[in-house]
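Examination of the molecular architecture
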Amino acid sequence: MPSINALPNPFTFEPAETALLVIDMQRDFLLPGGFGESLGNDVSQLSRTIEPLSALLAAWRAAGLPIIHTREGHLPDLSDCPPSKLARGGIGEKGAFGRILVRGEYGHDIVDELAPAEGEIVVDKPGKGAFYATELAEILEKLGVTKLVVTGVTTEVCVHTTVREANDRGYDCLVLSDCVGSYFPEFQRVGLQMIAAQGGIFGWVADSPTLLAALS
Ligand code: C5J
């Protein structure tokens, strides 16, 4: 069974039982002109993850291992959006890439470079965590997945929420530092530290070249 150098200690995994989770690599978060940038964020902090994630996806596909993509967004009538989230503005409004974070809109979909391949699972989630109000738990159960390699954006929001949810459900999570991104460099640094602190309080942290070396 492969074991790789990680923080706070080696991460051991059975590839066939390990899914790659790609969180919210959506145009509205990553592209210049999108929702994220309209909030004053520096999207280059996120787009640097596209290249390593693309290489990781290629390797995961070549190995025939499970891949699950997620997208944060809402039904066109916004009936699945809590009033508190709506009140903060943006959701459902007209943005540069269509209605912001509404399913079916251009901006809601995944960036071209990381488009899901035929047959890959895409989980649409209304919240920050990928388990809340989704079918993810059943999907993982059916696939026989016990560990997750977690990537995507943003580190301190949807990645953290999902890793915490997964940890509470008994999944070991490896978060890849170069394949997760935050608009805020400080949040990226501290967000990763928080995962592996206290003996791996809710996960492990490594980088994608280290994982790729173990797969080859
Ligand atoms: C945010 C996310 N930041 N995917 N969503 O609203 O992290």
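The structure presented is a predicted model; accordingly, all values stated were derived computationally and were not measured.

**Details of the overall build of the chain**
Looking only at helices and strands, one finds nine helices and ten strands in the chain. The C-alpha radius of gyration computed for the chain amounts to 16 Å, which stays within 12% of the reference 17 Å derived for 216 residues, consistent with globular compactness. Judged by the C-alpha coordinates and their principal axes, the chain covers about 50 × 35 × 30 Å. Here the chain, with 216 residues, has 42% of them falling under the buried criterion. Within the chain, residue pairs in contact and separated by at least 24 positions form 71% of the contacts whose partners lie at least 6 positions apart.

**Points about the sheet that holds strand E10 (residues 204–206)**
With parallel pairing, six strands are arranged side by side in an open sheet as E7-E4-E3-E8-E9-E10. The open sheet has two free edges, formed respectively by strand E7 (121–125) and E10, since each of these has just one partner strand. Geometrically, the sheet is characterised by an average inter-axis angle of 25° between neighbouring strands, direction not taken into account. Judged from the six bridges that link them, strand E8 (residues 147–153) and strand E9 (residues 172–181) form a sheet pairing that is parallel. Across the sheet, the residue bridging to Val153 is Gly181, located in E9. Against the sheet, helix H4 (residues 50–62) touches strand E3 (18–23), strand E4 (67–72), E8 and E9, its axis set at about 135° to E9.

**A closer look at the packing of helix H7 (residues 155–168) against helix H8 (residues 185–200)**
For any two helices packed against each other, the geometry is given by the interaxial angle and the distance between the axes. Running from N to C, H7 and H8 point in directions that differ by 15°, and their axes come no closer than 10 Å. With respect to H8, the axis of H7 lies roughly parallel. Between H7 and H8 the crossing geometry is right-handed. Counted together, Thr155, Glu156, His160 and Val163 of H7 and Phe187, Gln188, Gly191, Leu192 and Ile195 of H8 form the full contact between these two elements. Across the contact of H7 with H8, the residue classes break down as four nonpolar, four polar and one charged.

**A word on H7**
Under the 1.5 Å per step criterion, the end-to-end length of H7 is 18 Å for 14 residues, consistent within 8% with the ideal 20 Å. Along H7, the residues that are buried comprise Thr155, Cys158, Val159, His160, Thr162, Val163, Glu165 and Ala166. Turning to H7, the residues buried within the fold contact E3, E4, E8, E9 and H8. Phi turns positive one or two residues past the end of H7, at Gly170, with a value near 95°.

**Some words on the packing of H4 against helix H9 (residues 208–215)**
Here H4 crosses H9 at 15°, and the two axes come no closer than 11 Å. Our classification of the angle between H4 and H9 gives roughly parallel. H9 is crossed by H4, and the crossing has left-handed handedness. Judged by residue contacts, Pro52, Ala55, Leu56 and Ala59 of H4 engage Ser208, Leu212 and Leu215 from H9. Its residues placed into classes, the contact of H4 with H9 shows six nonpolar, one polar and no charged.

**Side note on the site of the ligand**
Neighbouring the ligand are the residues Asp24, Phe29, Glu72, Val153, Thr154, Val157 and Cys158. Tallied by class, the residues present in the shell around the ligand amount to four nonpolar, one polar and two charged.

**A few points about the environment of Trp204**
Turning to its location among the elements, Trp204 is positioned in strand E10. Among the residues examined, Trp204 registers 25 C-beta atoms within 10 Å and is labelled buried. Considering only alpha carbons, one finds Trp204 and Gln193, eleven residues apart in sequence, at a separation of 9.7 Å. Aside from chain neighbours lying at most four places away, what touches Trp204 is Ala6, Leu7, Phe11, Leu174 and Ala196.

The rules behind the values
- Within every chain, residues take consecutive numbers counted from 1 along the sequence as written.
- Restriction of local features to residues with pLDDT of at least 70 applies here, the model being predicted, together with a cutoff of 80 or more for giving and counting side-chain atom pairs; totals for whole chains, interfaces and linings are based on all residues.
- Segments assigned H or I by DSSP are reported as helices when at least four residues long, segments assigned E as strands when at least two residues long, and all are numbered from the N terminus.
- Note on method: radius of gyration uses C-alpha positions; expected globular size equals 2.2 Å times residues raised to 0.38.
- Whether a residue is buried, exposed or partly exposed follows from its count of other C-beta atoms within 10 Å of its own C-beta, namely 20 or more, 12 or fewer, or something in between, respectively; the C-beta atoms are built from the backbone.
- Contact between two residues is assigned when their C-beta atoms, built from the backbone, lie within 7 Å.
- The pairing criterion for strands is at least two bridges between them, as found by DSSP.
- Orientation is described by axes fitted as lines to C-alpha atoms, over the contacting stretch for helices, and by angles from 0 to 180 degrees between their N-to-C directions.
- Roughly parallel here means an angle under 35 degrees, roughly antiparallel means over 145, roughly perpendicular means 65 to 115, and every remaining angle is called oblique.
- Each crossing is labelled by how the near helix is turned from the far one, with a counterclockwise turn of less than a right angle marking it left-handed and a clockwise turn marking it right-handed.
- Three categories are distinguished: nonpolar for Ala, Val, Leu, Ile, Met, Phe, Trp, Tyr, Cys and Pro, charged for Asp, Glu, Lys and Arg, and polar for the others, with Gly belonging to the last.
- Between the first and last residue of a helix there are one fewer steps than residues, each counted as 1.5 Å, and that sum is the expected span.
- The criterion for a residue being near a molecule or strand is simple: its C-beta atom, placed using the backbone, must lie within 6 Å of it.

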